[in-house]
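A structural walkthrough
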Amino acid sequence: MKIARMSPVEMNLEARFDAYVAEEKKIEPKDWMPDAYRKTLIRQISQHAHSEIVGMLPEGNWISRAPSLKRKAILLAKVQDEAGHGLYLYSAAETLGVTRDQMLQDLHKGKAKYSSIFNYPTLTWADMGAVGWLVDGAAIMNQVPLCKCSYGPYARAMVRVCKEESFHQRQGFQVMLNLAQGTPDQKAMAQDALNRWWWPSLMMFGPSDADSPHSAQSMKWNIKRFSNDELRQRFVDMTVPQAELLGLTLPDPDLKWNEERGHYDFGAIAWDEFYNVIKGNGPCNKERLGARVKAYDDGAWVRDAANAYATKEAARQKNGNTSTHAA
Ligand code: BYC
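Residues numbered from 1 in each chain as written. Predicted model: local features only at pLDDT ≥ 70, side-chain atom pairs only at ≥ 80, totals over all residues. Heavy atoms only, no water.

Our focus in this paragraph is the packing of aromatic side chains. The tally for this structure, following the rule as stated, stands at eleven aromatic pairs. Judged by centre distance (6.0 Å) and plane angle (20°), the ring pair of tryptophan 198 and phenylalanine 235 falls under stacked. Of the two residues, tryptophan 198 sits in helix α9 (residues 184–203) while phenylalanine 235 sits in helix α11 (residues 228–246), which places them 37 residues apart along the sequence. Here the two residues tryptophan 198 and phenylalanine 235 agree in accessibility, since each one is buried. Residues tryptophan 271 and phenylalanine 274 carry aromatic rings whose centres are separated by 5.4 Å and whose planes lie at 90° to one another, so their mutual orientation is edge-to-face. In this pair, tryptophan 271 and phenylalanine 274 are both assigned in helix α12 (residues 271–281), three residues apart and thus about one turn of the helix distant. The class of phenylalanine 274 is buried, set by a relative accessible area of 6%. Put simply, the rings of Phe17, Trp32, Tyr37 and Trp221 pair up and form one aromatic cluster. Over the ring of tryptophan 62 we find arginine 65, and its NZ or CZ is 4.1 Å from the ring centre. Here the guanidinium or amino end of arginine 303 rests over the ring plane of tyrosine 296, the centre of that ring lying 3.7 Å away. (Phe/Tyr/Trp six-rings, centres within 6.5 Å; stacked < 30°, edge-to-face > 60°. Helix = DSSP H or I, 4+ residues; strand = E, 2+ residues; numbered from the N terminus. Buried < 20%, exposed > 50% of the residue type's maximum accessible area, 1.4 Å probe, protein only. Lys NZ or Arg CZ within 6 Å of the ring centre and 35° of its normal.)

Set out below in C-alpha coordinates:
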(Lines give C-alpha, C1' and ligand atoms only; values in the text may rest on other atoms or scores of the structure.)
Protein backbone atom coordinates (compact mmCIF):
# COMPACT_ATOMS: atom_id res chain seq x y z
CA MET A 1 0.00 0.00 0.00
CA LYS A 2 1.15 3.50 -0.80
CA ILE A 3 0.54 4.88 2.73
CA ALA A 4 2.84 2.26 4.28
CA ARG A 5 5.74 3.46 2.13
CA MET A 6 5.36 7.14 3.08
CA SER A 7 7.26 8.76 5.92
CA PRO A 8 5.24 10.70 8.56
CA VAL A 9 6.45 13.95 6.96
CA GLU A 10 5.19 12.85 3.55
CA MET A 11 1.87 11.73 5.04
CA ASN A 12 1.45 15.14 6.58
CA LEU A 13 2.34 16.81 3.28
CA GLU A 14 -0.15 14.65 1.40
CA ALA A 15 -2.95 15.42 3.87
CA ARG A 16 -2.22 19.14 3.54
CA PHE A 17 -2.10 18.81 -0.25
CA ASP A 18 -5.50 17.06 -0.33
CA ALA A 19 -7.06 19.71 1.91
CA TYR A 20 -5.57 22.51 -0.20
CA VAL A 21 -6.92 21.02 -3.42
CA ALA A 22 -10.33 20.39 -1.82
CA GLU A 23 -10.54 24.15 -1.17
CA GLU A 24 -10.33 24.74 -4.95
CA LYS A 25 -6.85 26.22 -4.65
CA LYS A 26 -4.31 25.95 -7.44
CA ILE A 27 -1.12 23.91 -7.29
CA GLU A 28 1.85 25.67 -8.91
CA PRO A 29 5.04 24.08 -10.34
CA LYS A 30 7.24 24.65 -7.29
CA ASP A 31 4.64 23.47 -4.75
CA TRP A 32 4.99 20.06 -3.17
CA MET A 33 2.78 17.47 -4.87
CA PRO A 34 2.41 13.69 -4.57
CA ASP A 35 4.41 11.76 -7.17
CA ALA A 36 1.25 10.13 -8.49
CA TYR A 37 -0.39 13.55 -9.03
CA ARG A 38 2.67 14.71 -10.99
CA LYS A 39 2.67 11.49 -13.03
CA THR A 40 -1.04 11.72 -13.82
CA LEU A 41 -0.68 15.30 -14.99
CA ILE A 42 2.34 14.52 -17.15
CA ARG A 43 0.38 11.64 -18.73
CA GLN A 44 -2.78 13.66 -19.37
CA ILE A 45 -1.19 16.96 -20.42
CA SER A 46 1.37 15.35 -22.72
CA GLN A 47 -1.29 13.15 -24.34
CA HIS A 48 -3.43 16.24 -24.74
CA ALA A 49 -0.49 18.07 -26.39
CA HIS A 50 0.14 15.11 -28.72
CA SER A 51 -3.56 15.14 -29.67
CA GLU A 52 -3.35 18.77 -30.71
CA ILE A 53 -0.27 18.18 -32.86
CA VAL A 54 -1.50 14.94 -34.43
CA GLY A 55 -4.91 16.65 -34.81
CA MET A 56 -3.34 19.05 -37.31
CA LEU A 57 -2.85 16.21 -39.80
CA PRO A 58 -6.43 15.26 -40.84
CA GLU A 59 -7.34 18.93 -41.38
CA GLY A 60 -3.97 19.89 -42.88
CA ASN A 61 -4.91 17.36 -45.55
CA TRP A 62 -7.62 19.76 -46.81
CA ILE A 63 -5.80 23.12 -46.77
CA SER A 64 -4.75 22.84 -50.40
CA ARG A 65 -8.22 21.65 -51.45
CA ALA A 66 -10.49 24.07 -49.57
CA PRO A 67 -13.28 25.25 -51.92
CA SER A 68 -12.52 29.01 -51.68
CA LEU A 69 -9.76 31.38 -50.61
CA LYS A 70 -11.83 32.39 -47.57
CA ARG A 71 -12.26 28.77 -46.46
CA LYS A 72 -8.55 28.13 -47.05
CA ALA A 73 -7.57 31.09 -44.84
CA ILE A 74 -9.96 29.97 -42.09
CA LEU A 75 -8.73 26.38 -42.17
CA LEU A 76 -5.10 27.49 -42.19
CA ALA A 77 -5.73 29.66 -39.11
CA LYS A 78 -7.49 26.78 -37.34
CA VAL A 79 -4.68 24.31 -37.99
CA GLN A 80 -2.17 26.92 -36.83
CA ASP A 81 -4.21 27.37 -33.63
CA GLU A 82 -3.91 23.63 -32.94
CA ALA A 83 -0.11 23.93 -33.21
CA GLY A 84 -0.26 26.77 -30.67
CA HIS A 85 -2.38 24.63 -28.32
CA GLY A 86 0.18 21.84 -28.56
CA LEU A 87 2.95 24.28 -27.66
CA TYR A 88 1.16 25.72 -24.60
CA LEU A 89 0.44 22.20 -23.43
CA TYR A 90 3.99 20.90 -23.92
CA SER A 91 5.16 23.95 -21.96
CA ALA A 92 2.63 23.25 -19.18
CA ALA A 93 3.86 19.63 -18.99
CA GLU A 94 7.50 20.80 -18.89
CA THR A 95 6.76 22.69 -15.65
CA LEU A 96 6.29 19.24 -14.08
CA GLY A 97 9.88 18.22 -14.81
CA VAL A 98 9.57 16.30 -18.08
CA THR A 99 11.41 17.44 -21.20
CA ARG A 100 9.76 17.98 -24.54
CA ASP A 101 12.15 15.49 -26.09
CA GLN A 102 11.09 12.80 -23.61
CA MET A 103 7.44 13.45 -24.38
CA LEU A 104 8.03 13.27 -28.13
CA GLN A 105 10.05 10.06 -27.78
CA ASP A 106 7.13 8.52 -25.87
CA LEU A 107 4.75 9.53 -28.65
CA HIS A 108 7.02 8.23 -31.40
CA LYS A 109 7.51 4.90 -29.66
CA GLY A 110 3.76 4.47 -29.18
CA LYS A 111 4.14 4.65 -25.40
CA ALA A 112 2.09 7.83 -25.03
CA LYS A 113 -1.40 7.98 -26.50
CA TYR A 114 -3.14 10.73 -28.43
CA SER A 115 -6.86 11.09 -29.02
CA SER A 116 -8.51 8.15 -30.81
CA ILE A 117 -10.44 10.57 -33.02
CA PHE A 118 -7.43 11.53 -35.12
CA ASN A 119 -6.98 8.00 -36.40
CA TYR A 120 -9.92 8.36 -38.79
CA PRO A 121 -9.52 9.66 -42.35
CA THR A 122 -10.95 12.95 -43.66
CA LEU A 123 -12.46 11.85 -46.96
CA THR A 124 -14.39 14.87 -48.25
CA TRP A 125 -14.65 18.62 -47.66
CA ALA A 126 -17.74 17.95 -45.49
CA ASP A 127 -15.38 16.23 -43.04
CA MET A 128 -13.92 19.68 -42.27
CA GLY A 129 -17.41 20.72 -41.21
CA ALA A 130 -18.06 17.56 -39.19
CA VAL A 131 -14.65 17.71 -37.49
CA GLY A 132 -15.08 21.37 -36.51
CA TRP A 133 -18.67 20.91 -35.35
CA LEU A 134 -18.37 17.55 -33.57
CA VAL A 135 -14.68 17.04 -32.69
CA ASP A 136 -14.08 20.61 -31.55
CA GLY A 137 -17.53 20.56 -29.93
CA ALA A 138 -16.58 17.46 -27.92
CA ALA A 139 -13.18 18.99 -27.14
CA ILE A 140 -14.84 22.11 -25.69
CA MET A 141 -17.24 20.03 -23.60
CA ASN A 142 -14.26 18.14 -22.16
CA GLN A 143 -11.91 21.11 -21.82
CA VAL A 144 -14.03 23.93 -20.35
CA PRO A 145 -14.07 22.10 -16.98
CA LEU A 146 -10.27 21.76 -17.25
CA CYS A 147 -10.04 25.58 -16.93
CA LYS A 148 -10.87 24.83 -13.27
CA CYS A 149 -8.35 22.02 -12.96
CA SER A 150 -6.22 22.11 -9.79
CA TYR A 151 -2.89 22.46 -11.63
CA GLY A 152 -2.38 26.18 -12.38
CA PRO A 153 -0.37 26.05 -15.64
CA TYR A 154 -2.79 23.51 -17.22
CA ALA A 155 -5.89 25.44 -16.08
CA ARG A 156 -4.53 28.73 -17.45
CA ALA A 157 -3.52 27.19 -20.80
CA MET A 158 -7.05 25.82 -21.14
CA VAL A 159 -8.67 29.26 -20.96
CA ARG A 160 -7.16 30.40 -24.23
CA VAL A 161 -7.47 26.97 -25.85
CA CYS A 162 -11.21 26.90 -25.12
CA LYS A 163 -11.78 30.38 -26.59
CA GLU A 164 -10.11 29.27 -29.81
CA GLU A 165 -11.90 25.89 -29.87
CA SER A 166 -15.19 27.72 -29.63
CA PHE A 167 -14.39 29.65 -32.84
CA HIS A 168 -13.35 26.34 -34.45
CA GLN A 169 -16.63 24.70 -33.50
CA ARG A 170 -18.67 27.53 -34.98
CA GLN A 171 -16.73 27.52 -38.25
CA GLY A 172 -17.37 23.75 -38.52
CA PHE A 173 -21.07 24.24 -37.89
CA GLN A 174 -21.17 26.92 -40.57
CA VAL A 175 -19.53 24.61 -43.12
CA MET A 176 -22.16 21.96 -42.27
CA LEU A 177 -24.99 24.53 -42.51
CA ASN A 178 -23.86 25.72 -45.95
CA LEU A 179 -23.67 22.14 -47.21
CA ALA A 180 -26.95 21.09 -45.59
CA GLN A 181 -28.71 24.06 -47.26
CA GLY A 182 -26.94 23.49 -50.58
CA THR A 183 -27.68 21.06 -53.43
CA PRO A 184 -28.98 17.53 -52.67
CA ASP A 185 -25.45 16.21 -53.36
CA GLN A 186 -23.93 18.68 -50.89
CA LYS A 187 -26.49 17.76 -48.24
CA ALA A 188 -25.74 14.06 -48.82
CA MET A 189 -22.04 14.81 -48.36
CA ALA A 190 -22.75 16.50 -45.02
CA GLN A 191 -24.92 13.56 -43.90
CA ASP A 192 -22.21 11.07 -44.91
CA ALA A 193 -19.60 12.98 -42.89
CA LEU A 194 -21.93 13.09 -39.88
CA ASN A 195 -22.53 9.32 -40.19
CA ARG A 196 -18.79 8.64 -40.07
CA TRP A 197 -17.81 11.11 -37.31
CA TRP A 198 -20.68 10.75 -34.85
CA TRP A 199 -19.65 7.57 -33.03
CA PRO A 200 -15.90 8.30 -32.96
CA SER A 201 -16.78 11.72 -31.45
CA LEU A 202 -18.66 10.03 -28.61
CA MET A 203 -15.62 7.79 -28.02
CA MET A 204 -13.40 10.86 -27.53
CA PHE A 205 -14.71 11.21 -23.97
CA GLY A 206 -12.99 7.95 -23.03
CA PRO A 207 -14.27 4.63 -21.67
CA SER A 208 -17.49 4.52 -19.69
CA ASP A 209 -17.03 5.41 -16.02
CA ALA A 210 -17.10 1.80 -14.85
CA ASP A 211 -14.14 1.03 -17.16
CA SER A 212 -12.13 4.22 -16.62
CA PRO A 213 -9.16 3.36 -14.38
CA HIS A 214 -7.98 6.95 -13.82
CA SER A 215 -11.24 8.87 -13.33
CA ALA A 216 -11.90 8.40 -9.61
CA GLN A 217 -8.45 9.60 -8.48
CA SER A 218 -8.29 12.40 -11.07
CA MET A 219 -11.66 13.69 -9.87
CA LYS A 220 -10.53 13.53 -6.24
CA TRP A 221 -7.54 15.67 -7.18
CA ASN A 222 -9.76 18.13 -9.10
CA ILE A 223 -7.91 17.40 -12.33
CA LYS A 224 -11.05 16.02 -13.98
CA ARG A 225 -14.16 17.88 -12.83
CA PHE A 226 -16.77 15.63 -14.48
CA SER A 227 -16.73 11.96 -15.40
CA ASN A 228 -16.36 10.66 -18.95
CA ASP A 229 -20.03 9.58 -19.08
CA GLU A 230 -21.31 12.89 -17.69
CA LEU A 231 -19.49 14.87 -20.36
CA ARG A 232 -20.54 12.47 -23.12
CA GLN A 233 -24.20 12.86 -22.08
CA ARG A 234 -23.89 16.66 -22.06
CA PHE A 235 -22.40 16.53 -25.55
CA VAL A 236 -25.26 14.38 -26.88
CA ASP A 237 -27.86 16.68 -25.26
CA MET A 238 -26.20 19.74 -26.80
CA THR A 239 -25.71 18.26 -30.27
CA VAL A 240 -29.14 16.72 -30.97
CA PRO A 241 -30.91 20.10 -31.42
CA GLN A 242 -28.00 21.33 -33.55
CA ALA A 243 -28.40 18.35 -35.90
CA GLU A 244 -32.14 19.08 -36.08
CA LEU A 245 -31.39 22.67 -37.04
CA LEU A 246 -29.11 21.41 -39.80
CA GLY A 247 -31.85 19.05 -41.02
CA LEU A 248 -29.45 16.09 -40.68
CA THR A 249 -30.03 12.74 -38.95
CA LEU A 250 -27.76 11.42 -36.22
CA PRO A 251 -26.88 7.81 -37.11
CA ASP A 252 -28.39 6.23 -34.00
CA PRO A 253 -31.82 4.53 -34.15
CA ASP A 254 -31.88 4.35 -30.33
CA LEU A 255 -31.50 8.08 -29.83
CA LYS A 256 -34.56 9.48 -28.08
CA TRP A 257 -35.51 12.00 -25.41
CA ASN A 258 -36.04 10.46 -21.98
CA GLU A 259 -38.51 12.64 -20.11
CA GLU A 260 -37.80 11.00 -16.78
CA ARG A 261 -34.02 11.49 -16.97
CA GLY A 262 -34.23 14.86 -18.69
CA HIS A 263 -31.59 13.63 -21.16
CA TYR A 264 -31.35 11.90 -24.51
CA ASP A 265 -30.89 8.13 -24.38
CA PHE A 266 -28.46 6.88 -26.99
CA GLY A 267 -27.33 3.54 -28.43
CA ALA A 268 -24.44 1.33 -27.36
CA ILE A 269 -20.94 2.51 -28.21
CA ALA A 270 -18.71 0.02 -30.07
CA TRP A 271 -16.04 -0.17 -27.36
CA ASP A 272 -14.17 -2.90 -29.27
CA GLU A 273 -13.54 -0.36 -32.01
CA PHE A 274 -12.35 2.24 -29.45
CA TYR A 275 -9.87 -0.14 -27.79
CA ASN A 276 -8.66 -1.33 -31.16
CA VAL A 277 -7.96 2.27 -32.22
CA ILE A 278 -6.13 3.21 -29.01
CA LYS A 279 -4.01 0.07 -29.31
CA GLY A 280 -2.69 1.43 -32.61
CA ASN A 281 -4.93 -0.47 -35.05
CA GLY A 282 -7.30 2.26 -36.25
CA PRO A 283 -7.64 3.18 -39.94
CA CYS A 284 -4.89 5.86 -39.85
CA ASN A 285 -2.72 5.16 -36.75
CA LYS A 286 0.36 4.14 -38.72
CA GLU A 287 0.03 7.01 -41.18
CA ARG A 288 -0.41 9.60 -38.38
CA LEU A 289 2.52 8.40 -36.31
CA GLY A 290 4.67 8.02 -39.43
CA ALA A 291 3.95 11.65 -40.38
CA ARG A 292 4.93 12.87 -36.88
CA VAL A 293 8.15 10.86 -36.79
CA LYS A 294 9.08 12.10 -40.27
CA ALA A 295 8.40 15.74 -39.27
CA TYR A 296 10.61 15.27 -36.21
CA ASP A 297 13.43 13.69 -38.23
CA ASP A 298 13.17 16.30 -40.98
CA GLY A 299 13.45 19.03 -38.33
CA ALA A 300 16.71 17.68 -36.88
CA TRP A 301 18.82 20.27 -38.72
CA VAL A 302 16.73 23.10 -37.25
CA ARG A 303 17.22 21.78 -33.70
CA ASP A 304 20.94 21.25 -34.36
CA ALA A 305 21.32 24.79 -35.70
CA ALA A 306 19.37 26.28 -32.75
CA ASN A 307 21.47 24.30 -30.26
CA ALA A 308 24.73 25.30 -31.96
CA TYR A 309 23.63 28.95 -31.86
CA ALA A 310 22.65 28.69 -28.17
CA THR A 311 26.02 27.10 -27.30
CA LYS A 312 27.90 29.86 -29.16
CA GLU A 313 25.81 32.56 -27.48
CA ALA A 314 26.42 31.07 -24.04
CA ALA A 315 30.18 31.00 -24.72
CA ARG A 316 30.07 34.63 -25.86
CA GLN A 317 28.16 35.69 -22.75
CA LYS A 318 30.71 33.88 -20.61
CA ASN A 319 33.55 35.70 -22.35
CA GLY A 320 31.82 39.04 -21.81
CA ASN A 321 31.06 39.62 -25.49
CA THR A 322 27.35 40.43 -25.82
CA SER A 323 27.30 40.87 -29.61
CA THR A 324 24.78 38.54 -31.27
CA HIS A 325 26.49 38.72 -34.69
CA ALA A 326 28.57 35.84 -35.96
CA ALA A 327 32.28 36.31 -35.40
N1 BYC B 1 -8.25 8.46 -27.12
O2 BYC B 1 -9.14 6.21 -17.28
P3 BYC B 1 -9.39 6.96 -18.52
C4 BYC B 1 -7.98 17.87 -29.19
C5 BYC B 1 -7.07 6.33 -22.66
S6 BYC B 1 -9.19 17.08 -28.32
C7 BYC B 1 -7.12 7.83 -26.76
O8 BYC B 1 -10.76 7.51 -18.71
P9 BYC B 1 -8.31 9.65 -18.25
C10 BYC B 1 -8.32 18.58 -30.43
C11 BYC B 1 -6.50 7.07 -21.47
O12 BYC B 1 -5.43 7.94 -21.88
C13 BYC B 1 -8.59 15.53 -27.76
N14 BYC B 1 -6.94 7.33 -25.51
O15 BYC B 1 -8.27 8.10 -18.67
C16 BYC B 1 -9.59 18.89 -30.78
C17 BYC B 1 -6.04 5.90 -20.61
O18 BYC B 1 -4.86 5.33 -21.16
P19 BYC B 1 -3.39 5.49 -20.42
C20 BYC B 1 -7.61 15.56 -26.64
C21 BYC B 1 -7.94 7.51 -24.64
O22 BYC B 1 -7.02 10.24 -18.62
C23 BYC B 1 -9.84 19.51 -31.97
C24 BYC B 1 -7.14 4.88 -20.86
O25 BYC B 1 -7.72 5.20 -22.11
N26 BYC B 1 -8.21 16.02 -25.41
O27 BYC B 1 -6.86 17.76 -28.80
O28 BYC B 1 -8.79 9.81 -16.85
C29 BYC B 1 -8.84 19.79 -32.87
C30 BYC B 1 -8.20 4.88 -19.77
O31 BYC B 1 -9.02 6.06 -19.81
C32 BYC B 1 -9.11 8.19 -24.95
C33 BYC B 1 -7.64 15.76 -24.22
O34 BYC B 1 -6.62 15.14 -24.15
C35 BYC B 1 -9.26 8.67 -26.25
N36 BYC B 1 -10.37 9.30 -26.68
O37 BYC B 1 -9.46 10.26 -19.20
C38 BYC B 1 -7.53 19.46 -32.52
C39 BYC B 1 -8.33 16.36 -23.01
N40 BYC B 1 -9.90 8.19 -23.87
O41 BYC B 1 -3.07 6.98 -20.41
C42 BYC B 1 -7.26 18.86 -31.30
C43 BYC B 1 -7.63 16.07 -21.74
C44 BYC B 1 -9.25 7.55 -22.90
O45 BYC B 1 -3.54 4.94 -19.05
N46 BYC B 1 -7.71 14.69 -21.37
N47 BYC B 1 -8.07 7.12 -23.37
O48 BYC B 1 -2.44 4.72 -21.30
C49 BYC B 1 -8.75 14.15 -20.67
O50 BYC B 1 -9.73 14.84 -20.36
C51 BYC B 1 -8.65 12.72 -20.26
O52 BYC B 1 -7.30 12.30 -20.37
C53 BYC B 1 -9.56 11.75 -21.09
C54 BYC B 1 -9.30 10.32 -20.60
C55 BYC B 1 -11.03 12.10 -20.84
C56 BYC B 1 -9.26 11.84 -22.57
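What follows is about the nonpolar core. Membership of the largest hydrophobic core comes to 48 residues, with the highest contact counts inside it found for Trp125, Trp133, Met176, Leu194, Trp197, Trp198 and Phe235. At the level of secondary structure, the elements contributing two or more residues to this core comprise α5 (69–94), α7 (126–143), α8 (152–180), α9, α11 and α12. Per-element accounting of this core gives the leading share, nine residues, to α7. Residue contacts for methionine 176: discarding those within four places in its chain leaves Ala126, Gly129, Ala130, Trp133, Ala190, Leu194, Leu246 and Leu248. Grouped together as the second largest cluster of nonpolar side chains are 27 residues, Ile45, Cys149, Trp221 and Tyr296 included. (Core = buried A, V, L, I, M, F, W, Y, C linked by side-chain atoms within 4.5 Å. Contact = heavy atoms within 4.5 Å.)

Any functional reading would require information beyond the geometric quantities listed.
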